[in-house]
Amino acid sequence: MSDNFINGEVSFWVHAEGRPKQRPGLPGNIEADVAIVGAGLTGLWTAYYLKEARPDLNVVVIEREFAGFGASGRNGGWMSAKSPGQFRRYAKSGGRDAAIAMEHEMFAAVREGVAVAKAEGFGEHVVQDGLIHVATNNAQWDRLQGTIASLKDHGWGPEDYEVLSPAMLDERVRVADVRGAYWSPHCARINPAEFTFGLAAAVERRGVTIYEGTTATAIVPRRVETNRGVVSAKYVVQAIEGYTLSLKGQSRRFLPMNSSMVVTEQLTDAQMDEIGWHGAELMGDVAHNFAYIQHTADNRIALGGRGVPYNFASSFDRSGRTAEAAIEQLGNRLIELFPALDGVKLEHSWSGVLGVPRDWCAGVNFDPATGIADAGGYVGHGVTGTNVAGRTIRDLILGEKTDLTRLPWVGHTSRNWEVEPLRWTAATALYAVYRFADREEYRTGTSKTHVSAKLANLISGR
Ligand SMILES: Cc1cc2nc3c(=O)[nH]c(=O)nc-3n(C[C@H](O)[C@H](O)[C@H](O)COP(=O)(O)OP(=O)(O)OC[C@H]3O[C@@H](n4cnc5c(N)ncnc54)[C@H](O)[C@@H]3O)c2cc1C
């Protein structure tokens, strides 16, 4: 670790970018056409597209801390087309064609996110070089081949992915012990703080007011109650994903899952040459406790994973302070994947929460009777999902029936999570099982997924 190692402080991205000046809080009771709670990407995209479609609407955003404080300012920067839910479940509820349409909306949303960032002036470091999934043992390779086989079935054509042999992967990035990989062009690298701060500014330029330091205490039909006054609005949008449990009656809706990250010091050209990662592809492995990795615009490697996935009674450190054990785990994984980086110092670690519904499928909901809309539960794939959600909520509020409002996650809800201590016991045990299964798959060299992980998937619904 570097001498100036930072643990928490929201995220490396927010720390490095520097927080914009705090915006004023709600001045008391006000009226608006649309009140959005949460200034993460869900809330901001919703505001952006509503104002694009209807500049005359009075849209306000209520944010407890500051825009980008949540997962949107802390994530791994994969703006990927990975679906925020399970294909088979969306196909079951909405039909196969609808599940395929969802995949294609995700492809388009990556392009859309890149285009908006460039057009609005916050896309300097947004690069669409795609996403690489690597298998670093035989069981991972077996799973990855299964995934590759299913892509075709999900409507992916040859232009949507390319299978890479270890030698082909070596030309893009040198990862230890690779059995095989695949690359897909449908992913862009973002700096999450730069992106979210940029989107917040773009939204403000369109006339939206973001009230920071203002906590919503209740969301009820046509009204948001806060610690600083009441916003009366025709429509209310709940966009607080991992923090949903703080609202009355919603404590078991999403499991607030921790995800933790570390970032290295800036690498030298020689170190970059050693690992051969010169592009801006995002990368992930296929372990049960998988790692997600970014080569940052300033030549660092940022790596994330589950760390300590869930705290008792859904508690978490708001500033993102990360357990020593998780930092060590992530640091070790970095060196396992890139042995050439042994000795490189870590500069920052942080954690955040993402929302996981009981069936691992995100949903977008709107009730015209109450005027309340919400979106979330993106299971760790919210960066692009929030863009699709924002445009979908726009259409639902404006009463337009579009391809977006027909997607299978519209109106999708999941049953509640179990009560404590069952929830904590189950989540902790499941992730211990996943770690055990990963160790066994490496130790034995088996090409079959360990039976304990299969069982854990069955129980968790993952
Ligand atoms: C460490 C980490 C890595 C991730 N990596 C990726 C990735 O690489 N790719 C990907 O696709 N997804 C990733 N995700 C998930 C993704 O970041 C989220 O799904 C997405 O950002 C959710 O956006 P959101 O706007 O719904 O929620 P958030 O960004 O969490 O925003 C919610 C906002 O609501 C505010 N809030 C909460 N309660 C209240 C209240 N009562 N009143 C007012 N405001 C309130 C919060 O302060 C916060 O600013 C990651 C998540 C984490 C934590």
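Now for a look at the structure at hand. Keep in mind the model is a prediction, meaning the values are calculated, not measured. (Residues numbered from 1 in each chain as written. Predicted model: local features only at pLDDT ≥ 70, side-chain atom pairs only at ≥ 80, totals over all residues.)

## A word on helix α10 (residues 382-397)
Okay, so step 1: The terminal C-alpha atoms of α10, which comprises 16 residues, lie 21 Å apart, in line with the 22 Å expected from a rise of 1.5 Å per residue.
Okay, so step 2: Note on α10: the residue one or two positions beyond its end, Gly399, has a positive phi of about 70°. (Helix = DSSP H or I, 4+ residues; strand = E, 2+ residues; numbered from the N terminus. Expected span 1.5 Å × (residues − 1).)

## Details of the nonpolar core
Okay, so step 1: Residues Val34, Ala35, Val37, Leu44 and Ile62 are the most contacted members of the largest nonpolar core, which totals 129 residues.
Okay, so step 2: For Ala35, the contacting residues outside a window of four places in its chain are Val60, Ile62, Val224, Val231, Ala233 and Val236. (Core = buried A, V, L, I, M, F, W, Y, C linked by C-beta atoms within 7 Å. Buried ≥ 20, exposed ≤ 12 C-beta atoms within 10 Å, placed from the backbone. Contact = placed C-beta atoms within 7 Å.)

## Concerning the site of the ligand
Okay, so step 1: Close contacts around the ligand come from 44 residues, with Gly40, Gly70, Gly76, Gly352 and Gly382 the closest.
Okay, so step 2: Secondary structure elements with two or more residues in the shell around the ligand: α2 (41-53), β4 (78-80), β13 (254-264), β17 (346-357) and α10.
Okay, so step 3: No other element matches α10, which puts four residues into the shell around the ligand.
Okay, so step 4: Of the residues that constitute the shell around the ligand, the class distribution is 17 nonpolar, 22 polar and five charged. (Near = placed C-beta within 6 Å. Nonpolar A, V, L, I, M, F, W, Y, C, P; charged D, E, K, R; others polar.)

## Points about the pairing of strand β19 (residues 372-376)
Okay, so step 1: The element β19 is largely enclosed, with a buried count of four among its five residues.
Okay, so step 2: Direction of pairing for strand β18 (residues 363-367) relative to β19: antiparallel, over a ladder of five bridges. Bridge pairing links Val364 to Ala375 in β19. (Pairing = 2+ DSSP bridges.)

## Thoughts on the sheet that holds strand β16 (residues 301-305)
Note on sheets: strands pair through backbone hydrogen bonds, and any given pair is parallel or antiparallel.
Okay, so step 1: Taking strand neighbours across the sheet as the criterion, the nine strands line up as β1-β17-β13-β16-β15-β14-β5-β7-β6 in an open arrangement whose pairing is mixed. Looking at which strands have only one partner, the edges of the open sheet turn out to be β1 (6-7) and β6 (162-164).
Okay, so step 2: Bridge count for strand β15 (residues 292-295) against β16 is four bridges, and the pairing is antiparallel. By the bridge assignment for β16, Gln294 is matched with Ala302.

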